[in-house]
Amino acid sequence: EAGVAQSPRYKIIEKRQSVAFWCNPISGHATLYWYQQILGQGPKLLIQFQNNGVVDDSQLPKDRFSAERLKGVDSTLKIQPAKLEDSAVYLCASSHGQANYEQYFGPGTRLTVT
Amino acid sequence: AQKVTQAQTEISVVEKEDVTLDCVYETRDTTYYLFWYKQPPSGELVFLIRRNSFDEQNEISGRYSWNFQKSTSSFNFTITASQVVDSAVYFCALRESGYSTLTFGKGTMLLVSP
């Protein structure tokens, strides 16, 4: 079974530029998560989808971050415009369903904003 | 509010030594789940174990063992006879019943030298 796929693996941009990350979850997983992991910290949930609907986006900085999962499969996370403090690893995870299912993580995208 | 504390930022051991990673959690929920994840240099979070709040039995899996004590709100992880491949950042996480959100600690970096 293929794992969670993410691309790109690395991205370097200048502040005020835009960037997008892509995630393809494990086949059949209805729930998809985006986490932000700042260096030296644990991952922090940004947004959670159940199929193509948003379940929790309470910690998503909506003035600059957006995410979509139009067909309930793969997902895109966008930052526009980027700030220096957005430098982090962005992790995508998926699970069969909510609450009582394990989350499986992708390799992450390391973003550096200069 | 839920919180996970991993007081050890970094631990260095020599191969074959035993090492214990500490995790202390806070929650008001009576039903919750505790997790350990491993994050090797490749960046992907690898699931190691899940323990629910009603099961205080310790668990052993090969060289890994976990000690769950509700009385002290701790869920410690021990690696016996450590190996160089165990070098990684280890995260403890908490999830309250009925919710998908994982709350992670800041992680403990384990360095095992030959």
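Analysis parameters
Residues numbered from 1 in each chain as written. Chains lettered and ligands numbered in written order. Predicted model: local features only at pLDDT ≥ 70, side-chain atom pairs only at ≥ 80, totals over all residues. Heavy atoms only, no water. 1 Å grid on protein atoms, 1.4 Å probe; cavity = no way out; pocket = protein on both sides within 12 Å on 5 of 7 lines; lining within 4 Å. Points joined across faces, edges and corners; volume = space filled by probe spheres on them. Helix = DSSP H or I, 4+ residues; strand = E, 2+ residues; numbered from the N terminus. Nonpolar A, V, L, I, M, F, W, Y, C, P; charged D, E, K, R; others polar. Contact = heavy atoms within 4.5 Å. Buried area = accessible area lost by both parts, 1.4 Å probe. Salt bridge = Lys/Arg side-chain N within 4 Å of Asp/Glu carboxyl O. Polar contact = N/O pair within 3.5 Å; in protein donor to acceptor, adjacent residues only side chain to side chain. Core = buried A, V, L, I, M, F, W, Y, C linked by side-chain atoms within 4.5 Å. Buried < 20%, exposed > 50% of the residue type's maximum accessible area, 1.4 Å probe, protein only.

Asks: How would you summarise the layout of surface pockets if you had to cite specific residues and measurements?
Replies: The probe, sized like a water molecule, is rolled over the atoms to show the empty space still left. In this model, the largest pocket occupies a volume close to 750 Å³. In terms of lining, the largest pocket is formed by 33 residues, of which the most central are Gln37(A), Leu39(A), Arg110(A), Gln39(B) and Val89(B). Those elements giving two or more residues to the lining of the largest pocket turn out to be strand S9 (88–95) and strand S11 (109–113) of chain A together with strand S10 (88–96) and strand S12 (108–113) of chain B. Considering every element that reaches the lining of the largest pocket, the biggest residue donor is S11(A), with four residues. Of the residues in the lining of the largest pocket, the class split is 15 nonpolar, 14 polar and four charged.

Asks: Pulling in residues and values, what's your account of the interface of chain B and chain A?
Replies: Across the boundary between the two partners, chain B contributes 20 residues, which contact 21 residues of chain A. Both faces combined, the contact of chain B with chain A buries some 1,600 Å², and carbon together with sulfur accounts for 46% of it. In terms of surface lost to chain A, no three residues of chain B exceed Leu45(B), Ser100(B) and Phe104(B), which account for 28% of the buried area on that side. When the shortest N-O distance is used, the salt bridge between Glu102(A) and Arg50(B) registers 3.2 Å. Across the contact surface, chain B and chain A share four residue pairs in polar contact (both at pLDDT 80 or more). Elements with a contribution of two residues or more to the side of chain B that touches chain A: strand S5 (32–39), strand S6 (46–52) and S10 of chain B. Top contributing element to the side of chain B that touches chain A by residue count: S5(B), with four residues. Taken together, the residues of the side of chain B that touches chain A break down into nine nonpolar, seven polar and four charged.

Asks: Hey, could you go over the nonpolar core for me, with residue numbers and the actual values?
Replies: Among the nonpolar cores identified, the biggest contains 23 residues, and Trp36(B), Phe77(B), Tyr90(B) and Leu110(B) are the most heavily contacted of them. Broken down by element, the residue count for this core peaks at four residues, all from S10(B). By size, the runner-up hydrophobic cluster in this structure holds 21 residues, among which are Val19(A), Ile47(A), Ala82(A) and Leu111(A).

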